[in-house]
Amino acid sequence: MTSTRRLSPAEALDVLLEGNRRFVLGAPLHPNQDAVRRSELTAGQEPFAVLLGCSDSRLAAEIIFDQGLGELFVVRTAGHVVGPEVLGSVEYGTNVLNCRLVIVLGHDSCGAVAAARAAVAGEAPAPGYVRDIVERVTPSVLAAQAAGLHHESDVIDTHIRHTADLLLDRSRVLAEQVAENRVGVVGLAYHLAEGKVRLVTSRGLPEAATGDPLTPAAI
C-alpha cells in the first residue's frame, strides 16, 4: 500500500490542491483507482486527510481533488453541519487513522445556506429534520449579517469559518492536535462552474501553505 499518512498538514494540503488543479485543467490522473489498489486496501486504510464536506451531489471529494481509494476519510452532511457523529468521525480520522489534515469543504449555491437565509428573512420554516439542518446553519447567516456581509460568497465563507471554529471549540482532541502542530484544519470553498477550490481559512498551518490554491507549493 502506498502510504501518505506521514505527510505534514501543509504537504497534505498541497497534494489536494494539486489534484484540484489537475481536475480544473481537465487532466486528472485518476490515481489509485484500479483493482490492485482495491486489493491493497483490504489489509487496512491509511488516508492522509479528513474531509468534512456538504452532501451536495456535485461535491464528490475524490473526483474534484483527483484522489483514489483509501486516500480521503470523508464525512458529509447537508451544509457540512456538525453534530456528535461528525465530531466522532473527525476525531477517528485524526486520532485513530493518523490523518494530519482536516478539510471543511463548502460551496456556492448551497441549498442549506439558502434555506437558512430564507428562514432568517421570515419565510416558512423547513419541514421535518431539514429544520434541524437549517437551524445549525442559521448562526453563520446571522453572523454574516451582523458583519454587514450579504453577498452569497461572503455568507458561504462565514459558514465555512464557523464550521472550522466549531470543530475546534467542541473537540478537545482536535484542538490539542492543532495546538501541538500535529494536525491542521483548513476551510475551502468550491466553485461549481469552474471546479476549483479557494482557501477561506486555516488553523495550524504555516503561512506558506495559504497561497493561491491553483499554484500549490512543490510536493
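Model, not experiment: these values are computed from the prediction.

Reading guide: rules and limits
- Residues numbered from 1 in each chain as written.
- Predicted model: local features only at pLDDT ≥ 70, side-chain atom pairs only at ≥ 80, totals over all residues.
- Heavy atoms only, no water.
- Pairing = 2+ DSSP bridges.
- Helix = DSSP H or I, 4+ residues; strand = E, 2+ residues; numbered from the N terminus.
- Axes fitted to C-alpha atoms, helices over the stretch in contact; angles between N-to-C directions.
- Contact = heavy atoms within 4.5 Å.
- Core = buried A, V, L, I, M, F, W, Y, C linked by side-chain atoms within 4.5 Å.
- Buried < 20%, exposed > 50% of the residue type's maximum accessible area, 1.4 Å probe, protein only.
- Salt bridge = Lys/Arg side-chain N within 4 Å of Asp/Glu carboxyl O.

Participant: Any details on the sheet that holds strand β4 (residues 184–190)? Residues and values, ideally.
Facilitator: Taken in spatial order, the five strands make up an open sheet running β2-β1-β3-β4-β5, and their pairing is mixed. Each end of this open sheet is capped by a strand with a single partner; those strands are β2 (72–77) and β5 (197–203). With strand direction ignored, the average angle separating the axes of adjacent strands in the sheet is 20°. With six bridges connecting them, β4 and β5 associate as antiparallel partners. Counted as the bridge partner of Ala 189 is Arg 198 from β5. Strand contacts of helix α4 (residues 84–96): β1 (49–54), β2 and β3 (101–107), with the helix running at about 170° to β2, the strand carrying the most contacts.

Participant: Could you give an account of the nonpolar core, with specific residues and numbers?
Facilitator: Judged by nonpolar contacts, the single largest core of 58 residues is most densely connected at Leu 101, Ile 103, Leu 105, Leu 167 and Leu 174. It is helix α7 (residues 152–170) that provides the largest number of residues to this core, a total of seven residues. With sequence-adjacent residues up to four places away left out, Leu 167 is seen in contact with Leu 52, Val 82, Leu 87, Val 90, Val 102, Val 104 and Leu 174.

Participant: Outline helix α5 (residues 111–120), listing residues and values.
Facilitator: Regarding α5, the residues found buried are Ala 112, Val 113, Ala 116 and Ala 118. Among the structural elements, α6 (130–146) and α7 are those in contact with the buried residues of α5. Note on α5: the residue one or two positions beyond its end, Gly 122, has a positive phi of about 100°.

Participant: Can you explain the pattern of salt bridges? Please cite residues and give values.
Facilitator: For the structure on display, the rule yields eight salt bridges. Arg 22 is the partner of Asp 66 in a salt bridge, and the nearest nitrogen-oxygen pair spans 2.7 Å. Here Arg 22 lies in helix α1 (residues 9–25) and Asp 66 lies in the loop between α3 (61–64) and β2, a separation of 44 residues in the sequence. Asp 157 serves as the salt-bridge partner of Arg 198, at 3.0 Å between the closest nitrogen and oxygen. Placement of Arg 198 in strand β5 and of Asp 157 in helix α7 is noted, with a sequence separation of 41 residues between them. Overall, the relative accessible area of 9% leaves Asp 157 in the buried class.

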